[in-house]
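Here is what each chain is made of, one letter per residue.
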Amino acid sequence: MERPTVLLAVDGEAESYFQALERAGFAPTRATDGSVPDGSFDLAVIDCDLGGDLAASVYAALQENRTVPVLLMLGDGIEVPAGLGTRADELALKPLPPDALVYRLQALLIRGGRHLPTESGAWASDEGLSSAPIAGEGHAVSVFAPKGGVGKTTICVNVAVALRQQTRAEVLLFDADVGVGNVTSVLDVPFRLGLADLADSPPDEWTEAAFEQCVTTHAASGVRVMTWGTDPAESERISVDLLLAALRWAKQHHSYVIIDNHPGYDDRTMAMLAVANEIFLVVTPEVGAIRNSSQFLELARKLGLGSVVKVIVNRANHGIELDDMSASLGLPISATVVSNGPKAVIASNEGHPLVTKYPKERISDDLHSVARLISAPDSQPVTQSGASPRRWWGRIGERTSHA
Ligand SMILES: Nc1ncnc2c1ncn2[C@@H]1O[C@H](COP(=O)(O)OP(=O)(O)OP(=O)(O)O)[C@@H](O)[C@H]1O
Ligand SMILES: [Mg+2]
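Quick caveat: nothing in here was measured; it's all calculated off a predicted structure. (Residues numbered from 1 in each chain as written. Chains lettered and ligands numbered in written order. Predicted model: local features only at pLDDT ≥ 70, side-chain atom pairs only at ≥ 80, totals over all residues. Heavy atoms only, no water.)

Caption draft 1: Looking closely at the sheet that holds strand 3 (residues 43–47). Strand order in the open sheet formed by 5 strands is 2-1-3-4-5, with parallel pairing between adjacent strands. At either end of the open sheet lies a strand with only one pairing partner, and these are strand 2 (27–30) and strand 5 (90–93). Averaged over all pairs of adjacent strands, the angle between strand axes in this sheet comes to 20°, irrespective of strand direction. Here strand 1 (residues 5–9) runs beside strand 2; their pairing, made up of 4 bridges, is parallel. Within strand 2, the residue paired with valine 6 across the bridge is proline 28. Across the sheet, helix 2 (residues 54–62) touches strand 1, strand 3 and strand 4 (70–74), and the angle it forms with strand 3 is around 165°. (Pairing = 2+ DSSP bridges. Helix = DSSP H or I, 4+ residues; strand = E, 2+ residues; numbered from the N terminus. Axes fitted to C-alpha atoms, helices over the stretch in contact; angles between N-to-C directions. Contact = heavy atoms within 4.5 Å.)

Structure follows, in structure tokens:
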């Protein structure tokens, strides 16, 4: 099986990039003097700051015969040089750590409909998968917060069910909070296998049938659920590759994939964020959560993921006002969910989604609105602010809403 080939036209970081790409299963080649070495390339990385016209000449030579998706690296405040950049290309701001380069290229591959390499250096060679009829490229939404306990799982479960009610399409709820995720304790589904059960198998056994075995269905809604497993002791064995392969399969066979993530910046979570079509950043109206979210947004912008983030405010009626949150984060608030502790606890204890257990409550309306961000993506945000983030921590605690 062939590794995806990457042309590397960069200066300073070349060696660490080269090694990181090799470790991640890519086959990198250096472009040293502005000429493109022989061979056909699946992807390329070009540093726009390369001296003279090097960047432009590598770019032109590369695109001579066919379109190759390129990650263009730019210094802060530098414009893309003339002649570079098409719709297939993406931008990355420097400095770009080697791990981030790997995620970006994995994302480019997945978006281009290609298989991912595995850490062992071979393609994930599931023949059954590659010849299977493709239901269409599903839309993956990663629900994330750098802080624990802000409502990610509650939002994931209810948005998955609401989305299913709104569209009747195939929806997969993917529990990628490896080690601690608890989708199946909030949503009552019969447990089958989890991804942990595939962790010891080589990638060529990660077949369509194997992934299908890890799916269970929530009978009342028809939402399909895939989990990492149940035993935290097994969690270390679940690799980034396995999660990415599962997600690729999930996107091929479902119209929507809602991913519940771990709160943090571990490799698995970063991979789930990098390859998602959208990231729903869940924030509660508290200084700590906003501060952490601001830091995440800074990182997301550096990694080129800023444009796919939507902010969802949970427990929105208690705490800092939405306009202030929006200004602090430099993004509009796309949707809000009110607080309703008693109902949330009962629903979760019974294993029922709020949206079906309490369909008439405001919290269920709100959760439906979050789902409509996916099913009807042209809906208007709750606040309009998209200005650049302003320094806020000196004053934000002073203004709170009084709902
Ligand atoms: N809008 C809400 N109103 C009232 N209670 C809520 C709301 N959203 C979440 N909760 C409750 O808050 C608790 C934490 O929610 P949840 O488990 O969804 O957070 P999480 O971000 O997934 O946490 P973790 O980081 O631990 O995975 C749960 O008890 C849940 O029922
Ligand atoms: Mg959770």
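Caption draft 2: The site of ligand 1, seen in detail. In the vicinity of ligand 1, 17 residues are found, and the nearest of them are Lys152, Thr153, Thr154, Asn314 and Asn340. Threonine 154 is positioned with one of its side-chain polar atoms (N or O) 2.5 Å from an oxygen atom of ligand 1. Within the backbone of valine 338, a nitrogen or oxygen atom sits 2.9 Å from a nitrogen atom of ligand 1. Of the pockets mapped on this structure, ligand 1 occupies the largest pocket. When contributions to the shell around ligand 1 are tallied by element, the ones reaching two or more residues are helix 5 (152–167) and helix 12 (341–350). When residues in the shell around ligand 1 are grouped by element, the largest group, 3 residues, is from helix 5. Residues belonging to the shell around ligand 1 are distributed by class as follows: 5 nonpolar, 9 polar and 3 charged. (Near = heavy atom within 4 Å. Polar contact = N/O pair within 3.5 Å; in protein donor to acceptor, adjacent residues only side chain to side chain. 1 Å grid on protein atoms, 1.4 Å probe; cavity = no way out; pocket = protein on both sides within 12 Å on 5 of 7 lines; lining within 4 Å. Sits in = over half its atoms within 2 Å of the grid points. Nonpolar A, V, L, I, M, F, W, Y, C, P; charged D, E, K, R; others polar.)

Caption draft 3: Looking closely at the packing of helix 10 (residues 287–302) against helix 11 (residues 322–329). Contact geometry of helix 10 with helix 11 gives a least axis separation of 9 Å together with a crossing angle of 35°. As for the relative orientation of helix 10 and helix 11, their crossing is right-handed in sense. On helix 11, the residues that touch Ile290, Ser293, Ser294, Leu297 and Arg301 of helix 10 are Met325, Ser328 and Leu329. Broken down by class, the residue content of the contact of helix 10 with helix 11 amounts to 4 nonpolar, 3 polar and 1 charged. (Left-handed = near helix turned anticlockwise from the far one by under 90°.)

Caption draft 4: Local environment of helix 2. Within helix 2, burial applies to Ala55, Val58, Tyr59 and Leu62. Mapping the buried residues of helix 2 onto a view down its axis gives an arc of 100°, with all of them on the same face. Tucked into the core, helix 2 has its buried residues touching strand 1, strand 3 and strand 4. (Buried < 20%, exposed > 50% of the residue type's maximum accessible area, 1.4 Å probe, protein only. Arc of directions from axis to C-beta.)

Caption draft 5: Layout of the side chain of lysine 152. Inspection of the secondary structure puts lysine 152 in helix 5. No salt bridge is formed by the buried lysine 152, whose closest oppositely charged neighbour, aspartate 260, lies at an N-O distance of 5.9 Å. Contact partners of lysine 152, with chain neighbours within four places excluded, come to Val143, Phe144, Ala145, Lys147, Asp260, Asn261, Pro263 and Val282. (Lys, Arg positive; Asp, Glu negative; His and termini not counted. Salt bridge = Lys/Arg side-chain N within 4 Å of Asp/Glu carboxyl O.)

Caption draft 6: Local environment of the pattern of salt bridges. Considering all chains together, one arrives at 10 salt bridges under this definition. A salt bridge links glutamate 90 to arginine 104; the nearest nitrogen and oxygen atoms lie 2.9 Å apart. Taken together, the residues span a long stretch of sequence, with glutamate 90 in strand 5 and arginine 104 in helix 3 (residues 98–111) at a distance of 14 residues. As far as the burial class goes, glutamate 90 and arginine 104 line up, both buried.

Caption draft 7: The arrangement of the layout of surface pockets in detail. Roughly 510 Å³ of volume is contained in the largest pocket. As for the largest pocket, its lining consists of 28 residues, and the residues nearest its centre are Gly149, Val150, Gly151, Thr154 and Arg315. Only helix 5, helix 12 and helix 14 (362–375) provide two or more residues apiece to the lining of the largest pocket. Each residue belonging to the lining of the largest pocket can be placed in one class, and the counts come to 13 nonpolar, 12 polar and 3 charged. (Points joined across faces, edges and corners; volume = space filled by probe spheres on them.)

Caption draft 8: Representation of the pairing of strand 3 within the structure. Here strand 3 lies mainly inside the structure; 5 of its 5 residues are buried. Residues Leu43, Val45 and Asp47 point to one face of strand 3 and Ala44 and Ile46 to the other, with burial holding for every one of them. Note: strand 1 against strand 3, 4 bridges, orientation parallel. Across the sheet, leucine 7 pairs through a bridge with alanine 44, a residue of strand 3. Where strand 3 lies against strand 4, 4 bridges are found, and the strand directions are parallel. Bridge pairing links valine 45 to leucine 71 in strand 4.

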